[in-house]
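One letter stands for each residue in the lines below.
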Amino acid sequence: MSQVLEKDFSNIKITMDTSPYMMCLTKNESVVYVNTKWLSFTGRSLSEETGEGRFNYIHKEDINHVKEVIGFFLKTQKPYRVQYRLLHVDGKYKWVVEDGRLFLSPDGTSLGFVSKCVDIDKEKKTEIKLHAAETKYRRLFETAHDGILILDAENAEITDVNPFLKELLGYSKEEFLGKKLWEVGPFKNIHKSKELFKTLQETGYVRYEDMPLETKSGELVAVEFVSNAYMAGATRVMQCNIRDIRERKRAEMVDSALTTLKQEKQKNAFIADVTHELRTPLAIIKGNVELALRAKNVTNKKTFQAINLEINHLTKMIIDLAVLTTDNQIVQRKINLEKINLSALLSDVVRRLQVVSASREISISLNMPNGVITSGDASYLEKLFSNIISNGIYYGKKNGFIQVDGRVEKKQIIVTVTDNGIGISEDELPNIFERFYRTFHAREVHDGGTGLGLAMSKWIVEAHLGTITVASEMHKGTTFTISLPLFS
Ligand code: ADP
């Protein structure tokens, strides 16, 4: 090294050591000197870093790129900038950015090149993460099975459109980009689109459950349109998600048609049941009237008693049917809710029915705390309990019993009605609350039933926000459990 170079070299070493940056002096592709800042970053000795050494500590994925940039610099001598990962004292690679330039002596001779390095690890990692997130978003955007449209929130210009939407509406990317929302075919309903954009600007959110869009070929596509405004960096954008709901709408239409069909079928079945049930008493009446007409003595008492019985039966059926077929909400409004002393109401019902049960030699006992108050309609509640207890009498055994118990539990009054009558088979049990359903055995022991009492009872309980359940065993007996809310 000449005298001049020696002096210049020691000067540059001093400058490098006082720099706040990591610095490196390279000549002929071989490192001559790195400053103390550099050594403290890498934790290595000067001899390890000089010569060919420093390339050993660059991440193997970055080394070719660094060599390429430096090679280009050596050819052109133009300042360069390169980013790479350098092995840090903590044993991990850290991102640095290196700026290099030619280093000339005062007389203009090249002394090699000097480079300045800055630790950009944090920024670089954030950038990499951001880039990964962007790539992920881009992938979602490109492959989404919903149409996505991005608008500039300031002027409604379309800045991006995904492949799904292009395909759905039949327009090319060029036909969307740079246009205002209402300048593109499907959104050409200017008034509506402008309105949409205005709401979106004001509230940041717009949703249309079912919006028809016209494709380029003139087909109408039903879509769900949801749009949100948000900040993307410094600009406010609007993302519109457009979902093709044709399939869903078709399925809903099929569903609703099936429901209507089912309701229609139920109605028809009900009408068939009613006609069937009304036919029997009418036939009996007709038979008796014919008999009476043929008889010499038309005022035959027995005939008219039979007619009367059937008329009572028909009346009972028609009264229950009238309630059961009225729209629930209308009847609910008819129900007169007031403070009811259920203990008193039940002992009244039991007393009245004891007259009937005594004739069948069935005892009824009531065990209920005094003064239990519920809110309800007295006439309906009386009907409910007299239905359930009467069934215990009709389907009870001679010398049997009916036990009515009441207890208060968690803001509910629970009443159980237990008999030791004919019972209900396991198969038939799930059906007994259905209109007109009567068990096989019941038809044999009591022919005056209509099969409407329990349907009516269930209806009354539910209108009072309560529940009714049944447990039974064939030939052993049945327990009905009714739960009603206490007055509050
Ligand atoms: P019904 O007018 O026939 O008594 P319900 O609707 O009151 O009509 O009862 C429906 C059917 O449930 C009855 O026909 C009977 O088969 C059965 N059932 C109801 N209560 C009892 C009971 N306590 N014991 C046995 N079977 C019962």
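Above this note sits the structure.
Notes on the structure follow. (Residues numbered from 1 in each chain as written. Predicted model: local features only at pLDDT ≥ 70, side-chain atom pairs only at ≥ 80, totals over all residues. Heavy atoms only, no water.)

## As for the overall build of the protein
Here comes step 1: Within the protein one finds 15 helices and 17 strands.
Here comes step 2: Its C-alpha atoms give the protein a radius of gyration of 46 Å, more than 25% over the compact-globule value 23 Å for 488 residues.
Here comes step 3: Along the first, second and third principal axes, the C-alpha set of the protein runs to 155 × 60 × 40 Å.
Here comes step 4: When the 488 residues of the protein are sorted by exposure, 40% land in the buried category.
Here comes step 5: Taking all contacts inside the protein whose residues are at least 6 apart in sequence as the whole, residues at least 24 apart take part in 53%.
Here comes step 6: Accessible surface, the protein: about 28300 Å² in total, of which carbon and sulfur atoms supply 55%.
Here comes step 7: Positive and negative side-chain charges of the protein, numbering 66 and 63 respectively, have mean locations separated by a distance of 3 Å. (Helix = DSSP H or I, 4+ residues; strand = E, 2+ residues; numbered from the N terminus. Rg over C-alpha atoms; globule rule 2.2 N^0.38 Å. Buried < 20%, exposed > 50% of the residue type's maximum accessible area, 1.4 Å probe, protein only. Contact = heavy atoms within 4.5 Å. Areas by Shrake-Rupley, 256 points an atom, 1.4 Å probe, with all protein chains shown as cover. Lys, Arg positive; Asp, Glu negative; His and termini not counted. Charge placed at Lys NZ, Arg CZ, Asp CG, Glu CD.)

## Some points on the sheet that holds strand β6 (residues 147-152)
Here comes step 1: Read across the open sheet, the five strands follow the order β7-β6-β10-β9-β8; overall the sheet is antiparallel. Every interior strand has two partners, whereas the edge strands, β7 (158-161) and β8 (205-214), have only one. If you compare each strand with its neighbour and ignore which way they point, the axes differ by 25° on average.
Here comes step 2: Here three bridges tie β6 to β7, and the two strands are oriented antiparallel to one another. Directly across from L149, in β7, lies its bridge partner V161. (Pairing = 2+ DSSP bridges. Axes fitted to C-alpha atoms, helices over the stretch in contact; angles between N-to-C directions.)

## Notes on a nonpolar patch on the surface
Here comes step 1: A surface patch of nonpolar side chains, amounting to about 290 Å² of accessible area, comprises V254, L258 and L261.
Here comes step 2: Along the polypeptide, L261 turns up in helix α9 (residues 246-294). (Patch = residues over 30% accessible without salt bridge, like charges linked within 9 Å, V, L, I, M, F, W, Y side chains within 5 Å. Salt bridge = Lys/Arg side-chain N within 4 Å of Asp/Glu carboxyl O.)

## Thoughts on the packing of aromatic side chains
Here comes step 1: Going through the model one piece at a time under the given rule, you end up with 11 aromatic pairs.
Here comes step 2: Taking the centre distance of 6.4 Å and the plane angle of 65° together, the rings of F187 and F225 count as edge-to-face. With F187 in the loop between α7 (173-176) and α8 (190-203) and F225 in strand β9 (residues 220-232), the pair connects residues that are 38 residues apart, well separated along the chain. For the pair F187 and F225, one class covers both residues: buried.
Here comes step 3: Pairing F433 with F480 gives two aromatic rings, centres 6.4 Å apart and planes at 85°, and the pair type is edge-to-face. Residue F433 is found in the loop between β15 (412-419) and α14 (440-445), and its partner F480 is found in strand β17 (residues 477-485); the two are separated by 47 residues along the sequence.
Here comes step 4: Residue class for F480 comes out buried when judged on its relative accessible area of 6%. (Phe/Tyr/Trp six-rings, centres within 6.5 Å; stacked < 30°, edge-to-face > 60°.)

## A closer look at the nonpolar core
For soluble globular proteins, the rule of thumb is that nonpolar side chains tend to be buried together.
Here comes step 1: Core analysis: the largest hydrophobic core is formed by 38 residues, its most contacted members being L342, F385, I389 and V404.
Here comes step 2: Top contributing element to this core by residue count: helix α13 (residues 378-394), with seven residues.
Here comes step 3: For L342, the residues in contact, after removing those within four places along its chain, are M368, V372, T374, L381, F385, I413, V415 and L484.
Here comes step 4: If you look at the next biggest cluster of nonpolar residues, it comprises 28 residues, including A156, Y171, F197 and A229. (Core = buried A, V, L, I, M, F, W, Y, C linked by side-chain atoms within 4.5 Å.)

## A few points about the environment of K78
Here comes step 1: Following the sequence through the fold, K78 ends up in the loop between α4 (63-76) and β3 (80-87).
Here comes step 2: Spatially, the C-alpha atom of K78 lies 46 Å from that of A229, the residues being 151 residues apart in sequence.

## Looking at the side chain of D160
Here comes step 1: By the element assignment, D160 lies in strand β7.
Here comes step 2: Engagement of the side chain of D160 in a polar contact is seen with the side chain of R138, the distance being 2.8 Å.
Here comes step 3: Residue contacts for D160: discarding those within four places in its chain leaves R138, F141, I148, L149, I150, K173 and L177. (Polar contact = N/O pair within 3.5 Å; in protein donor to acceptor, adjacent residues only side chain to side chain.)

## What about the side chain of N391?
Here comes step 1: Within the secondary structure, N391 sits in helix α13.
Here comes step 2: The residues contacting N391, other than those within four sequence positions of it, are G396 and L454.

## Considerations on the sheet that holds strand β1 (residues 22-27)
Here comes step 1: Taken in spatial order, the five strands of this open sheet run β2-β1-β5-β4-β3, and their pairing is antiparallel. What marks the edges here is a single partner per strand, and that holds for β2 (30-34) and β3. Strand-to-strand twist in this sheet, taken as the mean axis angle between neighbours without regard to direction, amounts to 35°.
Here comes step 2: Summarising the sheet, β3 and strand β4 (residues 93-104) pair through eight bridges and their orientation is antiparallel. If you follow V82 over to β4, its bridge partner there is E98.
Here comes step 3: Here α4 sits on the sheet and contacts β3, β4 and β5 (110-119); the angle it forms with β3, its principal contact strand, is near 145°.
Here comes step 4: Along the sheet, helix α5 (residues 121-143) makes contact with β3, β4 and β5, crossing β4 at roughly 120°.

## Thoughts on the pattern of salt bridges
Here comes step 1: One pass over the full model with this rule turns up 26 salt bridges.
Here comes step 2: Note that D146 is salt-bridged to R243, the shortest N-O span being 2.8 Å. Of the two residues, D146 is situated in the loop between α5 and β6 and R243 in strand β10 (residues 235-244); the sequence distance between them amounts to 97 residues.
Here comes step 3: Judged by relative accessible area, which is 15%, D146 ranks as buried.
Here comes step 4: The network of salt bridges with common partners includes R207, E209, E224, R248 and E252.

## Description of the site of the ligand
Here comes step 1: The immediate surroundings of the ligand are formed by 20 residues, with Y395, R438, T439, T450 and L454 found nearest.
Here comes step 2: Within the side chain of R438, one N or O atom sits 2.5 Å away from an oxygen atom of the ligand.
Here comes step 3: A distance of 3.1 Å separates an oxygen atom of the ligand from a polar atom in the backbone of G451.
Here comes step 4: Its free accessible area being 530 Å², the ligand has 97% of it covered by the protein chains.
Here comes step 5: Elements with a contribution of two residues or more to the shell around the ligand: α13, α15 (453-463) and β17.
Here comes step 6: Taken together, the residues that form the shell around the ligand break down as nine nonpolar, nine polar and two charged. (Near = heavy atom within 4 Å. Nonpolar A, V, L, I, M, F, W, Y, C, P; charged D, E, K, R; others polar.)

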